[in-house]
Structure formats: C-alpha cells, structure tokens
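# Analysis of the macromolecular model
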Amino acid sequence: LEEGFSLLDSARVFTYWQMKGRAGIVGRNGVRAMLARLQARYPDARIHLFGHSFGSKVILAAVAESDLGLPRPVTTLVLIQGAVSLEAMTDRVTGRNVPGAYRKALDVRRVYGKIIVTFPRRDPPLNQFYPLASRVAGQTGEVEEAAASRFDALGAVGAFGADSGLVPMQPSGQPYAFRKKVVSVDGGASDDFIAGHSEIFNANVAWLFWSAVKASF
C-alpha cells in the first residue's frame, strides 16, 4: 500500500463493495421498471440517461443486463466518472472466456445512439480506491470473482474492449466528432473540465451531455 494509506481509506474500500452491489440491484430492478413504465406511457419519447460514479452502473444495469431488456432501446448513455470496470462492455474479459456484464449495451436494441465515457486524471477515488478494492475482490468486467488482471475503472482510463473511440473533452461550444458508438472522452487536460471525481458541475460537462444527445438523433 502507498505511504499514508489510512484506516479511513480502508473503510472506503470495503464500503465500495456494498455500494457497487446496491447500484446493480437498484438499476436492474427499480430503474429498469421505471424506464419501462415511462416508455409505455410516452411511446414516442427519446430517453437519454446520464450516470455519475456508481450511477453509471445503475443505468448500465437498467438497460444492459443479459436476461432483461426494455420494451424499446434508450437513445443515449453518458457515463461520467463511471465506477464500473473498464471491461464492463468488452467482448471478452481478461482471463475469462466471457463478455463484460454490460456488453449488451452495444446492441442497438438496448442503446440506439452513443455511449459516452469520461476519464480525467484527477480522480483519486477511481485511480486509487477502485482498483485496490477490485483487486481484493477479484472483480473485472463487472463479472463477480473473475480471475483477471485488469482492475481499473471505466472512469479512470476509458472503455476497453468495446471498440471505443477516443476524443479530448472540448470547451463549451466547440464541436465533438463522435465517430464510434462508444466514445471515451479524456477530461484531464484542464481543471476547467473535470477537476475531480465529483467536480462535474460546469458548462463544459453540460456541453458534453448536449453534444452526446445531438449525436444520437
């Protein structure tokens, strides 16, 4: 462990397991059911989903569980600082002959438009605590107890194994070129973009959301 790692840091690691499991349950059960009701009531509405941290797992679980689907696809996913595995949408999890648990998000019958992932460098929870807890639990690809070697978070390094494009984050008003279905957006160039795990409330992040929505029409 790095010098200065405290008992509080250890508590965060163990709390992580509980939060991660809860996020999957809430997404699979509650949020999926809510979205299904909305789609039934508003059959012509486009639905764009935005998740931060474990909220990214919530919305992935809601739309991409292998055995559950919605009446029709949602239009857009934006995963801001996603506290899920970098291999959550891969075709094959490292060390195992299985896809990532949310690979089906790439299916147009689940998500019709773009899937946008952010990963700035200034995110200690995802760059330090997440890989440590994932390594202890042996969790990669959001597959429980996977004997694999990749433990980083989607929100720390971007999407792996999902044919992801890579673009830098843009200032508000500057156009994006989202040429792939899954796009990893590097938000680490400036504190004006994403300065930390929860430092996401600014015009540049709002512009990224709106750009993702427009690109999915």
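Above this note sits the structure.
Below is a summary of the structure that appears in this document. Residue positions are given per chain, counting from 1 as you read along its sequence in written order. Per-residue local features are limited, in this predicted model, to residues with pLDDT of at least 70; the limit for side-chain atom pairs, both in listing and counting, is 80 or more; totals at the level of whole chains, interfaces and linings are taken over all residues. To get the side-chain values, all heavy atoms of the structure are used, and hydrogens and water are removed first.

## Notes on the overall build of the chain
A run of H or I in DSSP becomes a helix once it reaches four residues, and a run of E becomes a strand once it reaches two; helices and strands are each numbered from the N terminus. Scanning the chain for helices and strands turns up 5 helices and 5 strands. Each helix and strand of the chain, placed in order from N terminus to C terminus, yields the pattern α-β-α-β-β-α-α-β-β-α. For the chain, with 217 residues in total, the buried portion stands at 48%. Contacts between residues were defined by any pair of non-hydrogen atoms, one from each residue, lying within 4.5 Å. Contacts in the chain between residues at least 24 apart in sequence constitute 73% of all its contacts with a sequence separation of at least 6. The protein chains shown are the only cover counted for residues, whose accessible areas, like all others here, come from Shrake-Rupley with a 1.4 Å probe. Element-wise, carbon and sulfur atoms account for 54% of the exposed surface of the chain, whose accessible area totals about 10500 Å². The buried label applies to any residue whose accessible area, calculated with a 1.4 Å probe on protein chains only, is under 20% of its type's maximum; exposed applies above 50%, and partly exposed to all values in between.

## Brief notes about the environment of Gly30
Tracing the backbone shows Gly30 in helix α1 (residues 7-41). Taking C-alpha positions, Gly30 is 8.1 Å from Ala62, a pair spaced 32 residues apart along the chain.

## Some details on the sheet that holds strand β2 (residues 76-80)
The strands making up a sheet are joined through hydrogen bonds of the backbone, oriented either antiparallel or parallel. As summarised here, the arrangement of the 5 strands in space is β1-β2-β3-β5-β4, forming an open sheet in which the pairing is parallel. Strands with a single pairing partner mark the edges of an open sheet, and in this sheet they are β1 (48-52) and β4 (165-168). Geometrically, the sheet is characterised by an average inter-axis angle of 20° between neighbouring strands, direction not taken into account. At least two DSSP bridges between two strands are required for those strands to pair. As defined by bridge partners, strand β3 (residues 115-118) adjoins strand β5 (residues 182-186) across 4 bridges and the pair is classed as parallel. When the sheet's bridge partners are listed, Thr118 is paired in β5 with Val185. Note on definitions: angles span 0 to 180 degrees between N-to-C directions of axes, and those axes are lines fitted to C-alpha atoms, for helices only across the stretch in contact. The strands touched by helix α2 (residues 54-64) are β1 and β2; relative to β1, the strand with the most contacts, the crossing angle is about 145°. The strands touched by helix α5 (residues 203-215) are β1, β2, β3 and β5; relative to β2, the strand with the most contacts, the crossing angle is about 155°.

## Topic: a nonpolar patch on the surface
A grouping of Met34, Leu38 and Tyr42 is seen on the molecular surface, where their side chains present a nonpolar patch of about 280 Å² in accessible area. Within the element layout of this structure, Met34 appears in helix α1. Relative accessible area serves as the criterion here: at 39%, Met34 is assigned to the partly exposed category. Residues forming no salt bridge and having over 30% relative accessible area are the ones grouped into patches, like charges within 9 Å of each other and nonpolar side chains (Val, Leu, Ile, Met, Phe, Trp, Tyr) within 5 Å. Salt bridge criterion: a side-chain nitrogen from Lys or Arg within 4 Å of a carboxyl oxygen from Asp or Glu.

## Concerning α5
Multiplying 1.5 Å by the residue count of a helix minus one yields the expected span of that helix. Here α5 spans 18 Å end to end across 13 residues, near enough to the 18 Å set by a 1.5 Å rise per residue. Along α5, the positions that sit buried rather than exposed are Asn204, Val205, Trp207, Leu208, Ser211, Ala212 and Val213.

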